[in-house]
Amino acid sequence: MTLITANLQAVRGRIVRAAQAAGRDPASVALLAVSKTWPAGAVREAAAAGQRAFGENYVQEGADKAAALAALGLEWHFIGPLQSNKTRPVANAFDWVHSIDRLKIAERLSAQRDVHLPPLNVCIQVNVSGEDSKSGVAPGQARELARAVAVLPRLRLRGLMCIPEPTADEALLRSRFAALRTLKEALAADGLALDTLSMGMSHDLEAAIAEGATIVRVGTAIFGTRAAAGPVAAV
Ligand SMILES: *Cc1c(COP(=O)(O)O)cnc(C)c1O
């Protein structure tokens, strides 16, 4: 068994245990394998182990990998910050975008999505930690943005995404994830049918699943530590 296969099995085990501990169906939590900085060969290996959905942060790198592996029929998610002059390749090379934080980006993605492709699935990224430096819309502005995105013809608004600030404070972390869940519930009460909470990474997926995550985005625990000198295998 390869290291990536073993790591994938371990992560799937963590997801199952966290879901069960929360009284949730493990099948209600999807695993997004974050392959940023890793070569197409690593994605191919994970795909051979049954992984279908992959997350990328950088436009050109992600589009190139998706094109190189098109024959595998994988699902590609863009999860990084997106500038308005880079929307076109994202609109057409990806199946999902998790990082919508302003209307202009969503409008461009909708206008540029190829008419022959199904609508692009999108999530609104919410800045649940209130840090100035983090991307994401402020929680108080999420409803207005969600309403505007929901009516764009070539997008399908699926839900919300967050990246809490790094913290060893478990209670604080849980409160960040809970805030995103509460916001989704408020939008649902407002008439927006959302089915996705994209939250939780290698180090905090259990807390995210306990608070209702439906997609966890996991890189390091599957592929290893991203190093400037090149990929280094993880345990
Ligand atoms: C890199 C990244 C991840 C994966 O993080 P790990 O800690 O490697 O699991 C998840 N989400 C986003 C937005 C990322 O940029």
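Residues numbered from 1 in each chain as written. Predicted model: local features only at pLDDT ≥ 70, side-chain atom pairs only at ≥ 80, totals over all residues. Heavy atoms only, no water.

Identification of the protein as Pyridoxal phosphate homeostasis protein from Thauera sinica is taken from an unreviewed UniProt entry. One UniProt comment on the protein, placed under Sequence similarities (unreviewed entry), says "Belongs to the pyridoxal phosphate-binding protein YggS/PROSC family." Listed in UniProt under the heading Function (unreviewed entry), the comment for the protein reads: "Pyridoxal 5'-phosphate (PLP)-binding protein, which is involved in PLP homeostasis." (UniProt positions renumbered as here; feature names shortened; annotations may be inferred.)

Trainee: How would you summarise helix α7 (residues 170-189) if you had to cite specific residues and measurements?
Mentor: Structural remark: α-helix, 3.6 residues per turn; residues separated by three or four positions point the same way. In this model, α7 (20 residues) spans 29 Å end to end at C-alpha, consistent with the 28 Å of a helix rising 1.5 Å per residue. Three or more residues of α7 are buried, namely L173, R176, F177, A178, L180, L183, K184 and L187. Buried residues in α7 make contact with α6 (142-150), β6 (155-161), β7 (196-198) and α8 (205-210). (Helix = DSSP H or I, 4+ residues; strand = E, 2+ residues; numbered from the N terminus. Expected span 1.5 Å × (residues − 1). Buried < 20%, exposed > 50% of the residue type's maximum accessible area, 1.4 Å probe, protein only. Contact = heavy atoms within 4.5 Å.)

Trainee: Please provide a residue-by-residue account of unusual backbone geometry, values included.
Mentor: The backbone of T37 shows a phi angle near 75°, a positive value even though the residue is not glycine. Note that T37 resides in the loop between β1 (30-34) and α2 (40-48). Given a relative accessible area of 39%, T37 falls into the partly exposed group.

Trainee: Give me the layout of surface pockets: which residues, what numbers.
Mentor: For the largest pocket, the calculated volume is near 200 Å³. Lining the largest pocket are 14 residues, with V34, K36, M201, R217 and R226 positioned closest to its centre. (1 Å grid on protein atoms, 1.4 Å probe; cavity = no way out; pocket = protein on both sides within 12 Å on 5 of 7 lines; lining within 4 Å. Points joined across faces, edges and corners; volume = space filled by probe spheres on them.)

Trainee: So what's going on with the UniProt feature "modified residue: N6-(pyridoxal phosphate)lysine" (unreviewed entry) in the protein? Residues and values would help.
Mentor: Feature annotation in UniProt places "modified residue: N6-(pyridoxal phosphate)lysine" (unreviewed entry) on K36, given in this structure's numbering. Counting through the fold element by element, K36 comes out in the loop between β1 and α2. By relative accessible area, K36 is classed as buried at 15%. Once residues lying within four places of it in the same chain are set aside, the contact partners of K36 are G55, E56, N57, Y58, E61, K65 and R226.

Trainee: Give me the site of the ligand: which residues, what numbers.
Mentor: Surveying the vicinity of the ligand reveals the residues V34, K36, N57, I79, I163, M201, S202, R217, V218, G219, T220 and R226. Interatomic distance of 2.5 Å between a side-chain N/O atom of T220 and an oxygen atom of the ligand. Contact between the ligand and R226: an oxygen atom at 2.9 Å from a side-chain N or O atom of the residue. Computed on the free molecule, the ligand has an accessible area of 390 Å², of which 91% lies beneath the protein chains in the complex. Structurally, the ligand is housed in the largest pocket. For the shell around the ligand, the per-class residue count stands at five nonpolar, four polar and three charged. (Near = heavy atom within 4 Å. Polar contact = N/O pair within 3.5 Å; in protein donor to acceptor, adjacent residues only side chain to side chain. Areas by Shrake-Rupley, 256 points an atom, 1.4 Å probe, with all protein chains shown as cover. Sits in = over half its atoms within 2 Å of the grid points. Nonpolar A, V, L, I, M, F, W, Y, C, P; charged D, E, K, R; others polar.)

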